[in-house]
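# Descriptive analysis of the structure
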Amino acid sequence: MQNFDYQTPTRLIFGKDVVEKLPEVMKPFGKKILLTYGGGSIKKIGLYDKVKDLLKDFEIYELSGIQPNPKYDPSVLDGVKMCKEHDVDVILSVGGGSVLDCSKAIAAGAKYDGDPWDLITEKVKAQSALPIVDIITLAATGSEYDCGGVISRTDTNDKIGYMDPLLFPAVSFLDPTYTFTVSKKQTAAGCADAMNHIMEQYFCEDSTLLNDGFMEAALKSLMVNARKCLDNPEDYNARAEMMLDCTYGCNGIYSLGNSGSSWPCHGMEHALSAYYDITHGIGLAIITPRWMRHILNEKTVGRFVKYGVNVFGIDANKDPMAIANEAIDATYKFFESIDIPMHLRDVGIDESRIDEMAKHVADNEGLEEAWAPLTQEDIAAIFRASL
Ligand code: NZQ
Ligand code: ZN
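So, how was this worked out
Residues numbered from 1 in each chain as written. Chains lettered and ligands numbered in written order. Predicted model: local features only at pLDDT ≥ 70, side-chain atom pairs only at ≥ 80, totals over all residues. Heavy atoms only, no water. Helix = DSSP H or I, 4+ residues; strand = E, 2+ residues; numbered from the N terminus. Rg over C-alpha atoms; globule rule 2.2 N^0.38 Å. Buried < 20%, exposed > 50% of the residue type's maximum accessible area, 1.4 Å probe, protein only. Contact = heavy atoms within 4.5 Å. Lys, Arg positive; Asp, Glu negative; His and termini not counted. Charge placed at Lys NZ, Arg CZ, Asp CG, Glu CD. Pairing = 2+ DSSP bridges. Axes fitted to C-alpha atoms, helices over the stretch in contact; angles between N-to-C directions. Donors = N, O, S within 2.8 Å, 3.2 Å for Na, K, Ca; no water. Near = heavy atom within 4 Å. Polar contact = N/O pair within 3.5 Å; in protein donor to acceptor, adjacent residues only side chain to side chain. Areas by Shrake-Rupley, 256 points an atom, 1.4 Å probe, with all protein chains shown as cover. Domains from an automatic or database assignment. Parallel < 35°, antiparallel > 145°, perpendicular 65-115°, else oblique. Left-handed = near helix turned anticlockwise from the far one by under 90°. Nonpolar A, V, L, I, M, F, W, Y, C, P; charged D, E, K, R; others polar.

## Here's the deal with the overall build of the chain
When its secondary structure is counted, the chain shows 15 helices and eight strands. Whereas a compact globule of 387 residues would reach a radius of gyration of roughly 21 Å, the chain reaches 20 Å, a difference of no more than 12%. If you line up the chain on its principal axes, its C-alpha atoms span 65 × 45 × 40 Å. The buried share of the chain, reckoned over its 387 residues, is 57%. Nonlocal contacts in the chain, meaning residues at least 24 apart in sequence, comprise 77% of its contacts between residues at least 6 apart. Across the chain, the centroid of the 37 positively charged side chains sits 4 Å from that of the 57 negatively charged ones.

## Brief notes about the sheet that holds strand β8 (residues 171-174)
In spatial order, the strands read β1-β8-β5-β4-β2-β3; together these six strands make up an open sheet with parallel pairing. Each end of this open sheet is capped by a strand with a single partner; those strands are β1 (11-14) and β3 (59-63). On average, each strand axis in the sheet is tilted by 20 degrees relative to the strand beside it, whichever way the strands run. Across four bridges, β1 lies against β8 in parallel orientation.

## Quick look at the coordination of the zinc ion (ligand 2)
Coordination of the zinc ion (ligand 2) by the protein is provided by Asp-193 (OD), His-197 (NE2), His-266 (NE2) and His-280 (NE2), with metal-donor distances spanning 2.0 to 2.2 Å. The sequence pattern formed by the donor residues of the zinc ion (ligand 2) is D-x3-H-x68-H-x13-H. Of this pair, His-266 sits in helix α10 (residues 264-276) while His-280 sits in helix α11 (residues 280-295); the two residues are 14 residues apart in sequence, bridging distant segments of the chain. Taking relative accessible area as the criterion, His-266 reaches 8% and is therefore assigned buried.

## Quick word on unusual backbone geometry
Residue Pro-74 is bonded to the preceding Asp-73 through a cis peptide linkage, with omega at 20 degrees. By secondary structure assignment, the location of Pro-74 is in helix α4 (residues 72-86). Even without being a glycine, Glu-122 presents a positive backbone phi close to 60 degrees. Inspection of the secondary structure puts Glu-122 in the loop between α6 (116-120) and β5 (132-136).

## Here's the deal with the site of ligand 1
Neighbouring residues of ligand 1: 32 residues in total, closest Ser-41, Gly-97, Ser-98, Asp-146 and His-197. Between ligand 1 and the protein, one listed contact pairs an oxygen atom with a backbone N or O atom of Gly-97 at 2.7 Å. At 2.8 Å from a nitrogen atom of ligand 1 is found a side-chain nitrogen or oxygen belonging to Thr-137. Taken by itself ligand 1 offers 950 Å² of open surface, and the protein chains cover 88% of this. Among the secondary structure elements, those contributing two or more residues to the shell around ligand 1 are α5 (97-109), β6 (148-153), α7 (184-202) and α10. Viewed by domain, the shell around ligand 1 spans two of them, domain 1 (11-179) and domain 2 (184-385), each represented by three or more residues.

## Let's talk about the side chain of Ser-93
Of note, Ser-93 is situated in strand β4 (residues 90-95). By relative accessible area, Ser-93 is classed as buried at 1%. A distance of 3.3 Å separates a polar side-chain atom of Ser-93 from the backbone nitrogen of Leu-100. Setting aside chain neighbours within four positions, we find Ser-93 in contact with Thr-36, Val-99, Leu-100, Ser-103, Val-133, Asp-134 and Ile-135.

## Looking at the packing of α10 against helix α14 (residues 354-365)
When two helices pack together, their arrangement is given by the angle between their axes and by how far apart the axes lie. Two elements in contact, α10 and α14, have axes whose closest approach is 9 Å; the angle formed by their N-to-C orientations is 130 degrees. Classified by the interaxial angle, the pair formed by α10 and α14 is oblique. Where α10 crosses over α14, the two elements pack in a sense that is right-handed. From α10, Gly-267, Met-268, Ala-271, Leu-272, Tyr-275 and Tyr-276 reach across to α14, where they touch Glu-356, Met-357, His-360, Val-361 and Glu-365. Across the contact of α10 with α14, the residue classes tally to seven nonpolar, two polar and two charged.

## Some details on the pairing of strand β2 (residues 32-36)
The buried fraction of β2 amounts to four of the five residues, a majority that puts the element mostly inside the structure. Here β2 pairs with β3 via five bridges, running parallel. Paired with Leu-35 across the bridge in β3 is Glu-62. Note: β2 against β4, four bridges, orientation parallel. Residue pairing for β4: Leu-34 is matched across the bridge by Ile-91.

## Describing the packing of helix α8 (residues 209-231) against helix α9 (residues 236-249)
At a minimum axis separation of 9 Å, α8 and α9 run at an interaxial angle of 140 degrees. It follows that α8 is oblique to α9 by the angle criterion. Taken as a pair, α8 and α9 cross one another with a handedness that is left-handed. Side by side, α8 and α9 meet where Ala-218, Ser-221, Leu-222, Asn-225, Ala-226, Lys-228 and Cys-229 of the first sit next to Asn-237, Ala-238, Arg-239, Glu-241, Met-242, Asp-245 and Cys-246 of the second. Partitioning the contact of α8 with α9 into residue classes produces seven nonpolar, three polar and four charged.

As structure tokens, then:
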């Protein structure tokens, strides 16, 4: 078990109607708020009016239109400009992971004189960042409880994960009722994203009984509760459990003391989203079973056996390779059962840029050092197997 030094400074306020506490939470940060949100879902669900009413004594500046797979230009640049122009005290992100990730990059950029892209690419380390409060409205990324954000730059086909301890939200509000309106597609994509966050940590060099227990339970909870949310979008308990499953998924708490993961599926999926702007969780669901099949060998089979027996209840007395292949089939079938399209062609991706994307991933994601190393040829083969 490896040493670790772990802290999550984010206060979680969870449950129905907790947003009533917003004024008292925002007060200590100051009067001037940059309110960030997406394409309008928060207006449709009444959350925008609620927030504006609760914060009527504050000075609010609004950055709207933040798109899924949030863009450096225009969103991050516009937000940084507004924060500097109005001497903003705090950012309030209301929406999904894209809004919150964009807000994290804005928070750092607002306190930096240079090009925010230097911070996002981690060429320059942020010295400070504006405080961030969020009301998360989509259970998926876990951005509400981690210090990362993923920002896309269309002119260079980059989609980069930006991590910095300064970017932990100060306070995250999680009210499951605000996820009742999340579409079936986004509910399924959110489940796939969160499952993948856990699998990226689970398939590693060495883990512990405790961590494996956490992760196996979280994977089972996600599959059971996502199914319930799809059957009944207003099932409060299912939405609440799924929300917390997602919040814990990306926080890192599941792999304290573990070693040897490198998040290969995320490295590959970010290229798919950067080049084709597809939904992140959908991209992950498509490539993960193909990645599994590709890396299955005598060295990795043990982790697949544990996964198959403890998550899918496969008979432990079977041949290890048979268990592993059955577990991979079960993973594929689960994603298919929540109506995720399981081929890249189903989401508009063909053979034409596979080698270019594989090179981009090989050059930028360092997957040759992964627990199951991947060369550029491996990555291209996994993309091709996913077509
Ligand atoms: O734009 P609006 O109108 O708000 O609509 C959004 C958007 O169209 C809609 N939506 C959000 N909440 C809703 C709702 N619709 C109805 N009811 C609600 N309550 O859903 C659509 C997708 O929203 P988005 O924020 O893009 O989804 P998600 O939360 O899955 O975020 C995806 C982004 O997060 C990044 C992904 O790469 C992607 O860019 N990730 C962030 C991570 C992190 N910070 O740790 C880790 C993840 O691995 C992931 O990479
Ligand atoms: Zn993800």
